Amino acid sequence: MFPLSFMIDSRCDTLLLQLSGLLTQQNKMLVTAESCTGGGIAYAITGMSGSSKWFERGFVTYSNLAKQELLGVTHDSIARFGAVSKEVAAAMALGALQHSHADFSVAVTGIAGPDGGTAEKPVGSVCFGWSARGGATRTTRIKFDGNRQQVRELSILTALQGLADLVEHSGSEQ
């Protein structure tokens, strides 16, 4: 269902321009770890000319086994908290940094629907993790309304906004 819908293209472009400028200015690289977005964040990033200067790699870890094998997320974390949890999103973000040469990471895991939701974690529940090498990891859980495509697109926007905020804040500390 990509490319992104016309409704979010301009917001996505604005965030990508901001992120590109910040990362280029700081001479830093970015890595993504994606589950429910299925590579959509990486797709949006690599649609921008020159992104190879600041985008190091992306992991699409849709299955729990992929999260474990590629990012080092423990089976115990997934069993205890569930694949869609702030704890697993944090582990994915940290694992992406550990398995790359990037300086900043974003991780996304969620239930885009239309099936798979529960009373505790309804369809539209998405967990995010953002991390900077040597810094703290920030997480959040958001419940988006909309169909599968809308949940995925809103997740991409949220991931990019969180990255821009993280990189901008990191640059002000230098």
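All figures in this text were calculated on a predicted structure; none of them were measured in a lab.

Criteria and thresholds
Numbers given to residues run from 1 along each chain, matching the order in which its sequence is written. Selection of residues for local features in this predicted model requires a pLDDT of at least 70, selection of side-chain atom pairs for listing and counting requires 80 or more, and totals for whole chains, interfaces and linings are taken over all residues. Side-chain calculation: all heavy atoms of the structure are included, whereas hydrogens and water are not. For the purposes of this entry, the term helix denotes a DSSP run of H or I that reaches at least four residues, the term strand denotes a run of E that reaches at least two, and both are numbered from the N terminus. Only C-alpha atoms enter the radius of gyration; for comparison, a globular chain is expected to reach 2.2 Å times N to the power 0.38, where N is the number of residues. We call a residue buried when its accessible area falls under 20% of the maximum for its residue type, exposed when it is over 50%, and partly exposed in between, using a 1.4 Å probe and counting protein chains only. Here, two residues are considered to be in contact whenever any of their heavy atoms come within 4.5 Å of each other. Note on areas: Shrake-Rupley with a 1.4 Å probe; residue coverage comes only from the protein chains shown. The charge count treats Lys and Arg as positive and Asp and Glu as negative. His and the chain ends do not count. For the purpose of locating charges, the reference atoms are NZ of Lys, CZ of Arg, CG of Asp and CD of Glu. When a carboxyl oxygen of Asp or Glu is within 4 Å of a side-chain nitrogen of Lys or Arg, the pair counts as a salt bridge. When DSSP locates at least two bridges between a pair of strands, those strands are taken to pair. One less than the number of residues in a helix, times 1.5 Å, gives the span that helix is expected to have. Helix axes are fitted to C-alpha atoms over the stretch in contact, other axes to C-alpha atoms as well, and angles between N-to-C directions run from 0 to 180 degrees.

**With respect to the overall build of the protein**
Link 1 in the chain: When its secondary structure is counted, the protein shows six helices and five strands.
Link 2 in the chain: In the protein, the succession of helices and strands from N to C terminus is α-β-α-β-α-α-α-β-β-β-α.
Link 3 in the chain: Taking 174 residues into account, the globule formula puts the C-alpha radius of gyration at 16 Å, and the protein, at 15 Å, falls close to it.
Link 4 in the chain: Expressed as lengths along the three principal axes of its C-alpha atoms, the size of the protein is roughly 45 × 35 × 25 Å.
Link 5 in the chain: Across the 174 residues in the protein, those meeting the buried criterion constitute 51%.
Link 6 in the chain: Put simply, 65% of the contacts in the protein that link residues at least 6 apart link residues at least 24 apart.
Link 7 in the chain: In the form shown here, the protein has an accessible surface area of approximately 8,300 Å², with 53% of it arising from carbon and sulfur atoms.
Link 8 in the chain: Taken as two groups, the 14 positive and 15 negative side-chain charges of the protein have centres that lie 2 Å from each other.

**What about the pattern of salt bridges?**
Link 1 in the chain: Under the defined criterion, the tally for this structure stands at two salt bridges.
Link 2 in the chain: Where R57 meets E56, a salt bridge forms, and the shortest distance between an N and an O atom there is 2.7 Å.
Link 3 in the chain: Owing to a relative accessible area of 29%, R57 belongs among the partly exposed residues under this scheme.
Link 4 in the chain: Judged by relative accessible area, which is 22%, E56 ranks as partly exposed.
Link 5 in the chain: Here K143 and D145 are joined by a salt bridge, their closest N and O atoms 3.1 Å apart.
Link 6 in the chain: Here D145 falls in the exposed class, since its relative accessible area comes to 62%.

**Quick look at the pairing of strand β5 (residues 137-143)**
Every regular strand shows the same layout, with side chains that alternate between the two sheet faces.
Link 1 in the chain: Relative to β5, strand β4 (residues 125-132) runs antiparallel, the two being bridged by seven bridges. Across the sheet, residue C127 finds its bridge partner in β5, namely R141.

**Some words on the environment of G21**
Link 1 in the chain: Relative to the helices and strands, G21 resides in helix α1 (residues 6-26).
Link 2 in the chain: Under the relative-accessibility criterion, G21 is labelled partly exposed at 37%.
Link 3 in the chain: As for G21 and E168, which are separated by 147 residues in sequence, their C-alpha atoms are 9.8 Å apart.

**Overview of the pairing of strand β1 (residues 30-34)**
Link 1 in the chain: Buried residues dominate β1, accounting for five of its five residues.
Link 2 in the chain: Neither face of β1 is open: one carries L30, T32 and E34, the other V31 and A33, and all of them are buried.
Link 3 in the chain: Where β1 lies against strand β2 (residues 55-60), five bridges are found, and the strand directions are parallel. Pairing of A33 across the sheet is with F59, part of β2.

**Quick word on helix α5 (residues 86-98)**
Link 1 in the chain: Given a rise of 1.5 Å per residue, 13 residues ought to cover 18 Å, and the 18 Å separating the end C-alpha atoms of α5 matches this to within 8%.
Link 2 in the chain: For α5, the full list of buried residues reads V88, A89, A90, M92, A93, G95, A96 and L97.

**So, the sheet that holds strand β3 (residues 104-110)**
Link 1 in the chain: Pairing within the open sheet is mixed, and its five strands lie in the order β2-β1-β3-β4-β5. The outermost strands of the open sheet, each flanked by one partner alone, are β2 and β5. Across the sheet, the axes of successive neighbouring strands diverge by a mean angle of 15°, strand direction being ignored.

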